[in-house]
Amino acid sequence: MIITKSEFLLRTHLDRQTLEVWIEEEWLSPEQADPEPLFSEADLARAGLIRDLQGDLGVNKEGIGVILNLVDQIHSLRWALANRIGSQTEE
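Quick caveat, the model's predicted, so the values are computed rather than measured.

Engineer: Whenever I open this one, helix 1 (residues 5–12) confuses me. Can you help?
Structural biologist: Residues three or four positions apart in an α-helix share a direction because the helix packs 3.6 residues into each turn. Among all positions in helix 1, only Lys5, Phe8, Leu9 and Thr12 are buried. Projected down its long axis, helix 1 shows its buried positions confined to an angular sector of 100°, all on one face. Buried residues along helix 1 sit against strand 1 (2–4), helix 2 (16–24), strand 2 (38–40) and helix 3 (41–54). Positive backbone phi, at 60°, marks His13, one or two positions downstream of helix 1.

Written as structure tokens, this is what we have:
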């Protein structure tokens, strides 16, 4: 499901300035579309994680970047592993 920036702000309860900072920090990477970016369900989940890291856990800006990078690496490894296992079962 793809949603607009306005819908994303409503669903995440973020203000525009915070969203812009998160995009500048590359914590969120919405699809660039005209006239405004589009967001996915994964972006919604990621925004929730960022909010939890900042608020509930008190992680600082640098720490959030590190954590998100590690999460991305884990997802990439899971995807690569799933594809490798899938291709081996087809043989």
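Engineer: It is not clear to me how helix 2 should be interpreted in this structure. Could you clarify?
Structural biologist: Capping the start of helix 2 is the job of one residue whose side-chain oxygen sits 3.1 Å from the backbone nitrogen of Gln17: Asp15. One or two steps after helix 2, the chain reaches Glu26, where phi turns positive at roughly 65°.

Engineer: Got a minute to help me understand the pattern of salt bridges in this structure?
Structural biologist: Any two side chains of opposite charge can pair, on the condition that their charged atoms come close. Scanning the entire structure with this criterion turns up 4 salt bridges. Measuring nitrogen to oxygen at the nearest pair gives 2.9 Å for the salt bridge that ties Glu25 to Lys61. Of this pair, Glu25 sits in the loop between helix 2 and strand 2 while Lys61 is found in helix 4 (residues 61–90), placing the two residues 36 residues apart along the sequence. By relative accessible area, Lys61 is classed as partly exposed at 42%. Note that Asp72 and Arg46 form a salt bridge whose closest N and O atoms lie 2.7 Å from each other. Of this pair, Asp72 sits in helix 4 while Arg46 sits in helix 3, and the two are 26 residues apart along the sequence.

Engineer: Please clarify how the nonpolar core should be interpreted in this entry.
Structural biologist: The tendency in soluble globular proteins is for nonpolar side chains to be buried as a group. With 15 residues, the main nonpolar core has Phe8, Leu19, Trp22, Trp27, Leu28, Ile50 and Ile64 as its most contacted residues. When residues of this core are assigned to their parent elements, the largest contribution, 4 residues, is made by helix 3. For Ile64, the residues in contact, after removing those within four places along its chain, are Trp27, Ile50, Leu53, Gln54 and Val59.

Engineer: Which parts of the structure should I look at to understand the packing of aromatic side chains?
Structural biologist: Working definition: an aromatic ring pair is given by the centre-to-centre distance plus the angle between the planes. A complete count under the given rule lists 2 aromatic pairs for this structure. Each ring, one from Phe8 and one from Phe39, has its centre 4.1 Å from the other, and the planes form 20°; the classification is stacked. Here Phe8, found in helix 1, pairs with Phe39, found in strand 2; they are 31 residues apart in sequence, far enough to count as distant. By relative accessible area, which is 0% here, Phe8 ends up buried.

Cut-offs applied
- Residues numbered from 1 in each chain as written.
- Predicted model: local features only at pLDDT ≥ 70, side-chain atom pairs only at ≥ 80, totals over all residues.
- Heavy atoms only, no water.
- Buried < 20%, exposed > 50% of the residue type's maximum accessible area, 1.4 Å probe, protein only.
- Helix = DSSP H or I, 4+ residues; strand = E, 2+ residues; numbered from the N terminus.
- Arc of directions from axis to C-beta.
- Contact = heavy atoms within 4.5 Å.
- Polar contact = N/O pair within 3.5 Å; in protein donor to acceptor, adjacent residues only side chain to side chain.
- Salt bridge = Lys/Arg side-chain N within 4 Å of Asp/Glu carboxyl O.
- Core = buried A, V, L, I, M, F, W, Y, C linked by side-chain atoms within 4.5 Å.
- Phe/Tyr/Trp six-rings, centres within 6.5 Å; stacked < 30°, edge-to-face > 60°.

By themselves, these observations are geometric and do not establish any function.
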